[in-house]
Amino acid sequence: MSSDPGLTQTGDKPTLRSLAEATGYSVATISRALADDPRIAAKTRATVARAAEAAGYVPDRAARRLRTGRTQVVTLLLNTEHEFLGFTHEFLSGITEALRGTGYSVNVVPDHVGEDRLEPVRNILRNQLADGILFTRTEAFDPRVRLLLEADFPFVSHGRTEFTTPHPFVDFDNEAFARRAVERLVAKGRKRLSLILPEDRFTFTQHLRYGFLSAVREAGVDYEIVEGVTLDSSSSDIARATRESRLSDTPPDGYVCVGEVTALVTLSALSDSGAVLGRDADIFAKRASPIFDNIRPRIDTVYEDLRGTGHKMAEMLLRRMAGEPSEELTHLLQPDFEQLGHDKPCDDATQG
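Residues numbered from 1 in each chain as written. Predicted model: local features only at pLDDT ≥ 70, side-chain atom pairs only at ≥ 80, totals over all residues. Heavy atoms only, no water.

Looking only at helices and strands, one finds 12 helices and 12 strands in the protein chain. Counting over 352 residues, the protein chain shows a buried share of 46%. Put simply, of all contacts in the protein chain between residues at least 6 apart along the chain, 65% involve residues at least 24 apart. Carbon and sulfur atoms make up 49% of the accessible area of the protein chain, which amounts to about 16900 Å² in all. (Helix = DSSP H or I, 4+ residues; strand = E, 2+ residues; numbered from the N terminus. Buried < 20%, exposed > 50% of the residue type's maximum accessible area, 1.4 Å probe, protein only. Contact = heavy atoms within 4.5 Å. Areas by Shrake-Rupley, 256 points an atom, 1.4 Å probe, with all protein chains shown as cover.)

The following block contains the structure:
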């Protein structure tokens, strides 16, 4: 027997025919059993499944595509530049967990927001490279959404749009996050709050801006939305802008950070300028990892579950590919607030 579990004694890759010879069932029965056809007895399906696993059988995707018209592939258009540490790992882990056991695999295609974001979608549609598409960094009037709606092609976006036509999406309530961040900082006695936003074209930028501005105006505190940089600017540019802001006559004493990277840069910039966290300024950040559990003094954070987001998006895409209506496939994740740090400014920077 070959040492490669995916090879038969003749050295060939296992096929439906070799499985039929090994089990005594017909090729048709093997094919239906592997497709989990309910017309095949459960005991037979279990026997065939064990034989396929032992032989290392992998379905021939090309043959299946000819037979069913499906590729058994989901494409993820992924922007790798994100405000969270470990975004790609967590997001992909959730997707693959949802697809496990479905016969679908995920193909990752880089999505560069500064380039033609339609070209990868056109390529998938033109060459029938996938049965469905997932994508991130959704724009208010995202051209990918428009094209996929016109083509009636299954997709789920990470983020909402401003289109009136319903489409599947999973989103995080960034308006609620921004409002709560302002409320928490104001409760600590902060009087001038600072925020760095993503680029204007992204939908979650509008949600963040509205939540932030509504909350600071209701609280009657001063604020700044930092100009000249965005959430996608380099760490050095964000640090420079933060240090320059602290040199003004009225430096911010509260910072709303939309991601872990911005929060870490802000912490460094505060230290570089001689400010003490908890005395001169406080931070409220959105996070997707436990990194801030190990940073002292503690800062207030709200958790965004990226693994759960990826899982939900893949689950909804499977439902859309099965024919479920788009208007039934929307999900807005609510922030899971955690109260960390001290309740008001303190003179002892070591207090936490």
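In spatial order, the strands read β2-β1-β3-β4-β5-β11; together these 6 strands make up an open sheet with parallel pairing. Both outer strands of the open sheet, β2 (105–110) and β11 (330–333), are each paired with one neighbouring strand and no more. Each adjacent strand pair in this sheet contributes to an overall mean axis angle of 15 degrees, direction not counted. When strand β1 (residues 73–78) meets β2, the two strands line up parallel, connected through 6 bridges. Considered in β2, the bridge of V74 is made with V106. Packed on one face of the sheet, helix α7 (residues 143–151) meets β1, β3 (132–135) and β4 (155–158) and runs near 165 degrees to β3. (Pairing = 2+ DSSP bridges. Axes fitted to C-alpha atoms, helices over the stretch in contact; angles between N-to-C directions.)

The predicted model of the protein chain has a mean per-residue pLDDT of 86, with 88% of residues at 70 or higher. Confidence drops under pLDDT 50 across residues 1–11; counting only partners more than four residues distant or on other chains, this segment forms 20 contacts. Every residue in residues 339–352 scores below 50 in pLDDT, and together they form 35 contacts with partners more than four places removed in sequence or on other chains. (pLDDT = per-residue confidence, 0-100.)

Considering all chains together, one arrives at 6 aromatic pairs under this definition. Each ring, one from F87 and one from F91, has its centre 5.1 Å from the other, and the planes form 20 degrees; the classification is stacked. In this pair, F87 and F91 are both assigned in helix α5 (residues 87–99), 4 residues apart and thus about one turn of the helix distant. Neither residue differs from the other here; F87 and F91 are each classed as buried. Seen from their ring centres, F135 and F155 are 5.8 Å apart, and the 15 degrees between their planes marks the pair as stacked. Of the two residues, F135 is situated in strand β3 and F155 in strand β4; the sequence distance between them amounts to 20 residues. With a relative accessible area of 0%, F135 lands in the buried category. Residue classification places F155 among the buried residues on the basis of a relative accessible area of 2%. Stacked on the ring of F202, the Lys or Arg R137 has its end atom at 5.2 Å from the ring centre. (Phe/Tyr/Trp six-rings, centres within 6.5 Å; stacked < 30°, edge-to-face > 60°. Lys NZ or Arg CZ within 6 Å of the ring centre and 35° of its normal.)

Right, let's talk about unusual backbone geometry for a bit. Of note, the phi angle at Q128 is positive, near 50 degrees, even though the residue is not glycine. Its place among the elements puts Q128 in the loop between α6 (119–127) and β3. Even without being glycine, R137 reaches a positive phi, approximately 50 degrees. Assignment of secondary structure puts R137 in the loop between β3 and α7.

Looking at the secondary structure, you find E81 in the loop between β1 and α5. A relative accessible area of 56% places E81 in the exposed class. Between the C-alpha atoms of E81 and D111, which are 30 residues apart in sequence, the distance is 9.5 Å. Here E81 is in contact with R137 and D232, once residues within four sequence places are set aside.

Here we come to the nonpolar core. In this structure, F177, L193, L208, F212 and V256 are the most contacted members of the largest nonpolar core, which totals 23 residues. Sorting the residues of this core by element identifies α8 (174–187), β6 (192–195) and α9 (203–219) as the ones contributing at least two each. Looking at this core element by element, the count peaks at 6 residues for α9. If you look at the next biggest cluster of nonpolar residues, it comprises 21 residues, including L99, L317, M321 and L329. (Core = buried A, V, L, I, M, F, W, Y, C linked by side-chain atoms within 4.5 Å.)

With that settled, consider the pattern of salt bridges. Tallied over the entire structure, the rule returns 29 salt bridges. Of the charged contacts in the structure, one is a salt bridge between R209 and D200, with a shortest N-O distance of 2.8 Å. Note on D200: relative accessible area 51%, which makes it exposed. The partner of R240 in a salt bridge is E244, with the nearest N and O atoms 3.5 Å apart. Here R240 and its partner E244 are both found in helix α10 (residues 235–246), 4 residues apart, which amounts to about one turn of the helix. Accessibility expressed as a relative area gives 34% for R240, which makes it partly exposed. You can call E244 partly exposed: its relative accessible area is 47%. What emerges from the salt-bridge pattern is a single network uniting D111, R117, E139, D142, R144, E199 and R201. (Salt bridge = Lys/Arg side-chain N within 4 Å of Asp/Glu carboxyl O.)

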